[in-house]
Every structure is written in C-alpha cells, then in structure tokens.
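# A look at the structure
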Amino acid sequence: MSGIYIHIPFCNQACHYCNFHFSTSLNNKDAFLVALTKEISLRSSYLDDEPVSTIYFGGGTPSLLAASEIDHIIDELSRFHNIEPKAEITLEANPEDINKKGYLSDLAASKVNRLSIGVQSFCDEDLRFMNRIHDGEEAGLALRNSLEAGFENLSVDLIYGTPTLSDAQWADNIEKVISLGIPHISMYCLTVEPKTPLFDQIKKGKVQDVDDERANGHFQIAAKQLENNKYVHYEISNFCKEGFMAAHNSNYWKGKDYLGLGPSAHSYNQHSRSWNAANNNEYIAKLNAGELPLTQEDLSVADQYNDYVMLSLRTIWGLSLEYVLESFGDEFVTHCKQEMLPHISSGRIVISDAAYTLTGQGKLFADQIAADLFIVE
Ligand code: SF4
C-alpha cells in the first residue's frame, strides 16, 4: 500500500507565516501541467507496482486548478499505477475557491472524494494578521457548501497560538467546526519560519511574537473540547470522528512508501528520501529536457530508526519496541528503553498494548522527547 502526493505550486496571495513552496504568478501553470505529466511518466517505476491507496493534492493552492485539470492528472497517474478503486483522493482547497460559482459541483463530479479546507480561523482580525484572502463568513459558507455538495469526508485546517486570537475566540473556532459536523480537524501551532513576512514583522517589532504558553493553552483547550465531542486524537495535530482518519497522512506516519510529484515534493521508500527542486522554472526546464529535478539521500539504519521514533510517538498507535527490535536490532531497543525512562517517570510517556504513547502532558513536548530518543551518528 502506498500513496502519491502532488504539489501544486501556485497561490493567489502569500500568507505571512507560510514557508511552503509556491509562486503567486500563475503564468507558468500550463507549462507546469505539461511538466507534471512528464514527471508522472519518468517516475512511474518508483512505487514498484505497489497498489496506490491514496492520492493527495497539496500546495500551494490545488483549488486553483479546474476540476477537469485535476481529473486529467488522476487519469495520467492511472496509466502508470495500480490505483485502488476506493482510493482516498484529497484536494486541499481554500474557502474563496470553494465558493466560486460552479466549482464545488465540478469537484463533486470529479474523482476527488475528500476535501481539506484551509480555514485557519473564523476571526477576521486573526485572518488579516495571517494575510489570508477569505474572511470568517466565507470560511463558514465554504464548509456548509461543501457538506451540501456531498463531501462528507471533509477536513478543516486551523491555526492556533496567534497573538490576535484570545482563548475564547479559539474555543469558538473549534466550536464552529464541531457544530457544523466536520468529521476531521488538523490544527497547527503558528510557527515563525525564517524568510517569511511574519518573521520580518516580528523582528521589526511591528507585530507581537508567538507566545509558547498561550499556544500550549490553545492546544489544551481544543484537545478537551474535541475529545468531549467524541473526536479521536489520533495524531498530535489531528482529530477525527470514527471512520474519518486521513488515510494519506496515516500512511506517512506508519512509514509507508510515497511518491511526491511537483516542485519541492518529497518521496520516501524506507531506504531513501528524495526531493524535487523548489523552483517552478527549474522544475519545468529540467523535465522539458527529459531530466528529473531530483536530489536523493540514502538513509542509514539510524536515520530510519530516528524517522520511526519521530513519527510513531506522535500517533495513537505509539512506538513499538517489538518493531524496533525486528527492524533495527538489540542495540536500538536498549538505547530507546534507557532514554525513555525519565519521560516515563515524569508522566509524559505511558505503556499500553505493548506500545509507548505520549500522555496529554507529553504531547506538549513531543519534539523534545523524540530528540532524546534519537541516535546521533
Ligand atoms: S498557507 Fe497555503 S494558501 Fe497561504 S501561501 Fe501558504 S500554501 Fe499558499
């Protein structure tokens, strides 16, 4: 079982916090689609004929593509891969695109069967701080319209920890998503990445910096609200109603193979990681010349173990010592057990069903705990 990720590298406007790869000029869109078709063919053997259970259009803003362009990409993928009949096919979409006349009905008639909508917040001041295009009302409308169009498998992205969002407003954001009956929520803490407008604004003292305590508070408010409403907290940033786990991202967290296509996209196959140039012109020029815009890194056993630790600890399935023993050997088990001890004593890790999982408190320190368990070569 494997997945395919397609990066659509265009956005209408740059959100101030964003460090993903995108261009706000759509001039290259047609040339990109031609190059993508070439890449699909050149990389067709990467998954070794494994069945493909998920396709994910991320970005950038995939909803800048017409439904017919998305279906065309899926048809091209089907020429080279064994796509399962019930494959989860997700499109990331922004509210302003969803609300465009006719777009949702076109999507509903396409092969896309899951939407992940970039709401981020329902508070207008907060959305202006992030430099999002939509306002809170448009966000609510996009969700209601998507449900009405028949997209039951619907996910919402929210951002917490912004200085413009009070605890009460954050709780309201979560409440809106719950009351609309949205079955999947991904929530991300605002992080200040270098080379973003937000980074510069904070450096110049124009806006307030992100406060960790405030962000941790938001995380706890949401976790409680969502768990009280029967959402399963199945990965640190992800909650869902029963039966609505994101299959594509779950495959990442379980270490399954995936092929990434499009500028900046990453691929992984247990033994190596590879990534495309994060530059639209370079991506197009190389593929036009019949070359792949690719860099590859082989993974050592320690790299593979570190990846497993980092991903498994974030999930409800946890870290299995049996898996560590089978996949990496004795030495890794001894190291892992030893480094785990202080976190078990401090109540940040518990053992259940032969797997080690983070407690509510531990989830606030997930990266730090994983780093303690890493093996540094
Ligand atoms: S957050 Fe999404 S919509 Fe905003 S700039 Fe980044 S990729 Fe584009």
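You'll find the structure just up there.
What comes next concerns the included structure. Each chain has its residues counted from 1, following the order in which its sequence is written. Only residues with pLDDT of at least 70 are given local features in this predicted model, and only at 80 or more are side-chain atom pairs given and counted; all residues enter the totals for whole chains, interfaces and linings.

### Quick word on the nonpolar core
Counted only if it meets this: Think of a nonpolar core as buried Ala, Val, Leu, Ile, Met, Phe, Trp, Tyr and Cys residues, each tied to the set through C-beta atoms within 7 Å. With C-beta atoms placed from the backbone, the exposure class of a residue follows from how many other C-beta atoms lie within 10 Å of its own: 20 or more, buried; 12 or fewer, exposed; in between, partly exposed. The helix and strand labels rest on DSSP assignments: H or I over at least four residues marks a helix, E over at least two residues marks a strand, and numbering proceeds from the N terminus. In this description, any two residues whose backbone-derived C-beta atoms lie within 7 Å of each other are considered to be in contact.
By size, the foremost hydrophobic cluster in this structure holds 70 residues, and its most contacted members are Ile4, Ile117, Val156, Tyr160 and Ile185. With five residues, the top contributor of residues to this core is strand β5 (residues 154-160). The contact partners of valine 156, leaving out residues within four places of it in the chain, are Ile117, Val119, Leu143, Val177, Ile182 and Ile185. Among the nonpolar cores identified, the runner-up in size contains 14 residues, and Leu313, Leu319, Val324 and Tyr356 belong to it.

### Re the sheet that holds strand β15 (residues 355-358)
Strand pairing in a sheet relies on backbone hydrogen bonds, with the paired strands running either antiparallel or parallel. The cut-off we apply is this: When DSSP finds two or more bridges between two strands, those strands count as paired.
Taken in spatial order, the three strands line up as β13-β15-β14 in an open sheet, and their pairing is antiparallel. This sheet does not close on itself; its edge strands, each paired only once, are β13 (319-320) and β14 (349-352). Here two bridges tie β13 to β15, and the two strands are oriented antiparallel to one another. Residue pairing for β15: serine 320 is matched across the bridge by alanine 355.

### Re unusual backbone geometry
Cis peptide bonds are those with omega within 30 degrees of zero, and the linkage from glycine 59 to glycine 60 qualifies with 20°. For asparagine 131, which is not glycine, the phi torsion reads 65° and is therefore positive. Phi angles above zero are rare outside glycine, and serine 264 is one such case at about 75°. Positionally, serine 264 belongs in the loop between β9 (258-261) and β10 (266-268).

### Remarks on the environment of serine 155
Along the polypeptide, serine 155 turns up in strand β5. The exposure class assigned to serine 155 is buried, which follows from the 25 C-beta atoms found within 10 Å. Sequence separation of serine 155 and cysteine 240 is 85 residues, and the distance between their C-alpha atoms is 8.7 Å. Setting aside residues no more than four positions away along its own chain, serine 155 makes contact with Ser116, His184, Ile185, Ser186 and Ala246.

### Some points on the packing of helix α14 (residues 330-345) against helix α16 (residues 366-373)
Heads up, the rule is: Note on geometry: axes are lines fitted to C-alpha atoms, helical ones only across the stretch in contact, with angles between N-to-C directions running from 0 to 180 degrees. The nonpolar class holds Ala, Val, Leu, Ile, Met, Phe, Trp, Tyr, Cys and Pro. Asp, Glu, Lys and Arg form the charged class, and all remaining residues, Gly among them, are polar.
Relative orientation of the contacting elements α14 and α16 amounts to 145°, with a least axis distance of 8 Å. Here Cys336, Glu339, Met340 and His343 of α14 come into contact with α16, specifically with Ile369, Asp372 and Leu373. Grouping the constituent residues of the contact of α14 with α16 by class yields four nonpolar, one polar and two charged.

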